[in-house]
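A closer look at the structure
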Amino acid sequence: MKRIIGSIVFITIITSGISFANPYRLQISANQSGFEAIFDAARAIDQGTLTTGIGFVYEDNHDEYKIGNVKLTLGDEILTPGLKCNLGFKGLLGEVEKDHKDGDLVAIGFLLSAAYEIPKTVSPIPLEVSASICTAPDPLCSRDSERYLETRASVGLYVVENAAIVLEYRHIKVHIDDDPKDWDMSDSAVSFGFRLGF
């Protein structure tokens, strides 16, 4: 499992450092109990768009967790102009804590995401809505973790061409098999931040 995550990290570093001139996307967001940072790099290929990325989320609410991730997806515009879908994998490594219990998370999740730029004929304000789901069943989890589920939805308001103010909802659920007890860490959070493309 660590070898697979290491391979994804290696691909992310190599492709973002050499292959991609544009675009890069950096997003930083926060709420009263945590923060998140995401960096993505995309490249057009014959099959569509190859995107690699790294991210980190920290939350210290009633549940505490620190999760780093790397991702690799392939996507393209489908059905209608402005609608982009991506399918790929997300490697996860972190720690979760609930009620003085803690566990280690190591997983490879299936990732499906979509983003839609609202046409100017519908909204004169430049808006992008996006959603994603990442799930890792038991065979793709190791250490203390048995299952992982992450869902997201966001709205981005572009104040200039390459910069947006972002409002995002995130829900993360992790099932931990920490002998002798099984338990779940579940957390929902709304965050506010900005996204910069360059």
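Okay, so let's go over this structure. Predicted, not measured: the structure shown is a model, and the values here were computed from it. (Residues numbered from 1 in each chain as written. Predicted model: local features only at pLDDT ≥ 70, side-chain atom pairs only at ≥ 80, totals over all residues. Heavy atoms only, no water.)

What follows deals with the overall build of the protein chain. Along the protein chain, the regular secondary structure elements total one helix and eleven strands. The N-to-C order of helical and strand elements in the protein chain reads α-β-β-β-β-β-β-β-β-β-β-β. Put simply, the protein chain has 198 residues, and 40% of those count as buried. A sequence separation of at least 24 residues applies to 51% of the contacts in the protein chain between residues at least 6 apart. Here the protein chain displays about 10800 Å² of accessible surface, and carbon together with sulfur accounts for 61% of that area. (Helix = DSSP H or I, 4+ residues; strand = E, 2+ residues; numbered from the N terminus. Buried < 20%, exposed > 50% of the residue type's maximum accessible area, 1.4 Å probe, protein only. Contact = heavy atoms within 4.5 Å. Areas by Shrake-Rupley, 256 points an atom, 1.4 Å probe, with all protein chains shown as cover.)

As a further point, take the packing of aromatic side chains. Taken as a whole, this structure holds five aromatic pairs when the rule is applied. Relative to Phe-39, the ring of Tyr-24 lies with its centre 5.7 Å away and its plane at 20 degrees, an arrangement referred to as stacked. Here Tyr-24, found in strand β1 (residues 24-31), pairs with Phe-39, found in strand β2 (residues 34-45); they are 15 residues apart in sequence, far enough to count as distant. Relative accessible area serves as the criterion here: at 15%, Tyr-24 is assigned to the buried category. Relative to Phe-56, the ring of Phe-35 has its centre 6.0 Å away and its plane inclined at 45 degrees; by these criteria the two rings are tilted. Of this pair, Phe-35 sits in strand β2 while Phe-56 sits in strand β3 (residues 48-60); the two residues are 21 residues apart in sequence, bridging distant segments of the chain. Aromatic rings pair up to connect Tyr-24, Phe-39 and Phe-198 into one cluster. (Phe/Tyr/Trp six-rings, centres within 6.5 Å; stacked < 30°, edge-to-face > 60°.)

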